[in-house]
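# Inside the fold
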Amino acid sequence: MITFDGVSKRFPDGTLAVDNFSITIPSRTTTVFVGSSGSGKTTLLRMINRMVDPTGGAIRIDDEDVSTLEPVALRRRVGYVMQNSGLLPHRTVVDNVATVPLLTGVPKREAREAALQLMDTVGLDRALAERYPSQLSGGQQQRVGVARGLANDPNILLMDEPFGAVDPLVRSELQQELLRIQKELAKTIVFVTHDIDEAFLLGDQVVILSTGGRIAQVGTPEEILAHPADEFVDNFIGAERGRRALSIKNVHGKDVVVDGTGRLAGILRVPSGESSRTV
Ligand SMILES: Nc1ncnc2c1ncn2[C@@H]1O[C@H](COP(=O)(O)OP(=O)(O)OP(=O)(O)O)[C@@H](O)[C@H]1O
Ligand SMILES: [Mg+2]
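Everything numeric in this text was worked out from a predicted model, so none of it was measured.

## Structural notes on the sheet that holds strand β2 (residues 16-25)
Remark on secondary structure: sheet strands pair via backbone hydrogen bonds, oriented parallel or antiparallel. The sheet built from four strands is open, its strands ordered β2-β1-β4-β5 with antiparallel pairing. Across the chains shown, the open sheet's two edge strands, defined by having one partner strand only, are β2 and β5 (64-65). Pairing geometry for strand β1 (residues 2-10) and strand β4 (residues 56-61), over five bridges, is antiparallel. Of the residues in β4, the one forming a bridge with Ser-8 is Gly-56.

## Section: helix α5 (residues 108-121)
With 14 residues, α5 should reach 20 Å at 1.5 Å per residue; the first-to-last C-alpha distance of 20 Å fits that figure. All of the buried residues in α5 are Ala-111, Ala-115, Leu-118 and Met-119. Down the axis of α5, the smallest arc covering the buried residues is 105°, so these residues share one side. Residues of α5 that are exposed and point more than 90 degrees away from the buried face comprise Arg-109, Glu-110 and Asp-120. With its phi angle positive at about 75°, Gly-123 sits one or two positions after the end of α5.

## Side note on the UniProt feature "domain: ABC transporter" (unreviewed entry) in the protein chain
Per the UniProt record, "domain: ABC transporter" (unreviewed entry) is annotated on residues 2-237. Helix makes up 38% of residues 2-237 and strand 25%, whereas the separation of the span's terminal C-alpha atoms amounts to 26 Å.

## Concerning the site of ligand 1
Around ligand 1 sit 13 residues in total, of which Phe-11, Ala-17, Ser-37, Thr-42 and Thr-43 are the nearest. Ranked by the residues each element gives to the shell around ligand 1, the list is headed by helix α1 (residues 41-48), at three residues. The class makeup of the residues in the shell around ligand 1 is two nonpolar, nine polar and two charged.

What counts, and at which threshold
- Residues numbered from 1 in each chain as written.
- Chains lettered and ligands numbered in written order.
- Predicted model: local features only at pLDDT ≥ 70, side-chain atom pairs only at ≥ 80, totals over all residues.
- Pairing = 2+ DSSP bridges.
- Helix = DSSP H or I, 4+ residues; strand = E, 2+ residues; numbered from the N terminus.
- Expected span 1.5 Å × (residues − 1).
- Buried ≥ 20, exposed ≤ 12 C-beta atoms within 10 Å, placed from the backbone.
- Arc of directions from axis to C-beta.
- UniProt positions renumbered as here; feature names shortened; annotations may be inferred.
- Near = placed C-beta within 6 Å.
- Nonpolar A, V, L, I, M, F, W, Y, C, P; charged D, E, K, R; others polar.

Shown next, in the form of structure tokens:
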């Protein structure tokens, strides 16, 4: 469990990036921070592994105040997938994945073998191991970033817009892959995005942020969709409302499900063993 207790961050130039932020992040589930650019998402994430230290309040991991933990030891327990993959361009894929274990003294052969296994985990062909990041597609680079975050088998995985830079199809593939990996590994994931669709797909808990890391609403995707806390949240998820507001329409004598723009959205699957049908 990760706890933010009245956490603030004011940068030396006076910018108040995070203002009195409190939340509990349960273990072995995915919490998504979603908000527009500059709302403090990256700052919040980086305070968990002490890449940034708060100027007020405290962050605890399983009741241990992170400010009392040695940053290097902390980062061994906390994997980090950077915004824009953050791969080292002059290192091969396998060495990129093995970065943290190598830094923390794991013998090279062992670290490389573990890295190859992680490539399997994230669905990367081992034949790519000796390539350099620039010789990979955007989606493959993102997978390397995820594999690197998982090296050292951390309990906590921080992911900062990990799929932001790829096209929608690849993005959707990577999202499904993450859902699969999470089912298998059950890490405590803190995932940052500005995409509300991605937040609702991946998050067990979704935190909608406004400027200054202010919490507009926390809840499950269902709770937020069913009961937006205020106008800000309503607007934030509202851009998608047209598509989300499904209704049943009679087309050529048949009832089908359409979205707010009138496009066919699909069919309703009837539960309890009955075959699916178009309603
Ligand atoms: N080192 C810094 N010094 C001063 N201000 C900073 C620093 N880092 C971030 N900020 C400011 O803090 C605020 C929050 O930044 P942060 O990077 O956390 O936002 P974000 O939600 O991750 O945005 P994005 O979606 O664009 O990545 C912004 O106003 C930003 O300009
Ligand atoms: Mg950011």
